[in-house]
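# Close look at the chain arrangement
Okay, here's what each chain looks like letter by letter:
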Amino acid sequence: MAKLVLSMETTMLKEIPLIKERTTIGRKPHNDIQIDNLAISGEHAVVITILNDSFLEDLGSTNGTFVNGQPVKKHFLKNGDTIELGKYRLKYVAELPQQTSNADFEKTMILRPGAKPAAPPPAAPGPAPEPAAAAATAEAHSSTSPGMAPAPASAPAPAVAALPLGAIQLLSGGNAGKEMELTKTLTTLGKPGVQVAVIARRPHGYFITHVEGASFPVVNGKTLDAQAHQLADHDVIELAGIKMEFFLKG
């Protein structure tokens, strides 16, 4: 389980395990990590944790959020990263290795109901699919020794099915019909300041999690809660006034 270690200058103040999907940081008492300092905004930043991955997002703070000395709006947290908020430091400690790279961290679709459809960027050519290996056959040779049964043939290991590529198609708004493939580890959807959610691509499926906004995303007419929700093929998502369909490509 990952955790944040809060310190000020050389004094360690406390450790905060990241057991929630949303861990808020700010000056107001309702935050999960309250830092009572005027340099910290009332709702300064949030850490979103999905399975073994965490990412940090600045919530429009007055003085900004820094990681390892650099200002960030969104940042995929790696073991040893130091979040800097005024005189305070939050060190991110991950107990499990993370395989995701920053280059594969995030793709963002901003939903603007009146916007004209933008042409999607050309897809990078992917590697040609490898031909399926022919199944090897072997003859079983019976033993000629009396009373000895032939050795049983070992069963082949079951093949692990690869996760089909997911995609989102907008069903309403000015961009209706536009499609975006969910090739990144995290894809942010919504309108900043109104409603934002993130779709995480994991080996066993795609999960949607609420990030920002007073109202939660709706899937198939049901309002979600703060927990990650696994998406199924042809689920209809309503987010920031836009309807979209999630589907798996063959």
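Scope of this entry: the structure provided in the associated data block. All figures in this text were calculated on a predicted structure; none of them were measured in a lab. (Residues numbered from 1 in each chain as written. Predicted model: local features only at pLDDT ≥ 70, side-chain atom pairs only at ≥ 80, totals over all residues. Heavy atoms only, no water.)

## Concerning the pairing of strand β6 (residues 53-58)
Of all six residues making up β6, six are buried, and the element is well covered by its neighbours. Burial of the side chains of β6 extends over both faces: Asp53, Phe55 and Glu57 are buried on one face and Ser54, Leu56 and Asp58 on the other. Here strand β5 (residues 45-50) pairs with β6 via six bridges, running antiparallel. Paired with isoleucine 48 across the strands is phenylalanine 55, a residue of β6. Counting the residues between successive antiparallel strands, the hairpin from β5 to β6 contains two residues, one of them, leucine 51, with a positive phi of roughly 55°. (Buried < 20%, exposed > 50% of the residue type's maximum accessible area, 1.4 Å probe, protein only. Helix = DSSP H or I, 4+ residues; strand = E, 2+ residues; numbered from the N terminus. Pairing = 2+ DSSP bridges.)

## Regarding the sheet that holds strand β18 (residues 218-219)
Spatially, β14-β13-β22-β21-β18-β19 is the arrangement adopted by the six strands of the open sheet, whose pairing is antiparallel. The open sheet is flanked by β14 (179-181) and β19 (222-223), the only strands paired with a single partner. Across five bridges, strand β13 (residues 166-170) lies against strand β22 (residues 242-248) in antiparallel orientation. Bridge pairing in β22 links glycine 166 to leucine 248.

## Topic: the pattern of salt bridges
One pass over the structure, following the stated rule, counts seven salt bridges. Measuring nitrogen to oxygen at the nearest pair gives 2.8 Å for the salt bridge that ties arginine 202 to aspartate 53. Taken together, the residues arginine 202 in strand β16 (residues 195-202) and aspartate 53 in strand β6 connect sequence positions 149 residues apart. Taken as a pair, arginine 202 and aspartate 53 share a single burial class, namely buried. Of the charged contacts in the structure, one is a salt bridge between glutamate 181 and lysine 249, with a shortest N-O distance of 2.8 Å. Pair noted here: glutamate 181 is in strand β14 and lysine 249 is in the segment after β22, with a separation of 68 residues, a long-range link. (Salt bridge = Lys/Arg side-chain N within 4 Å of Asp/Glu carboxyl O.)

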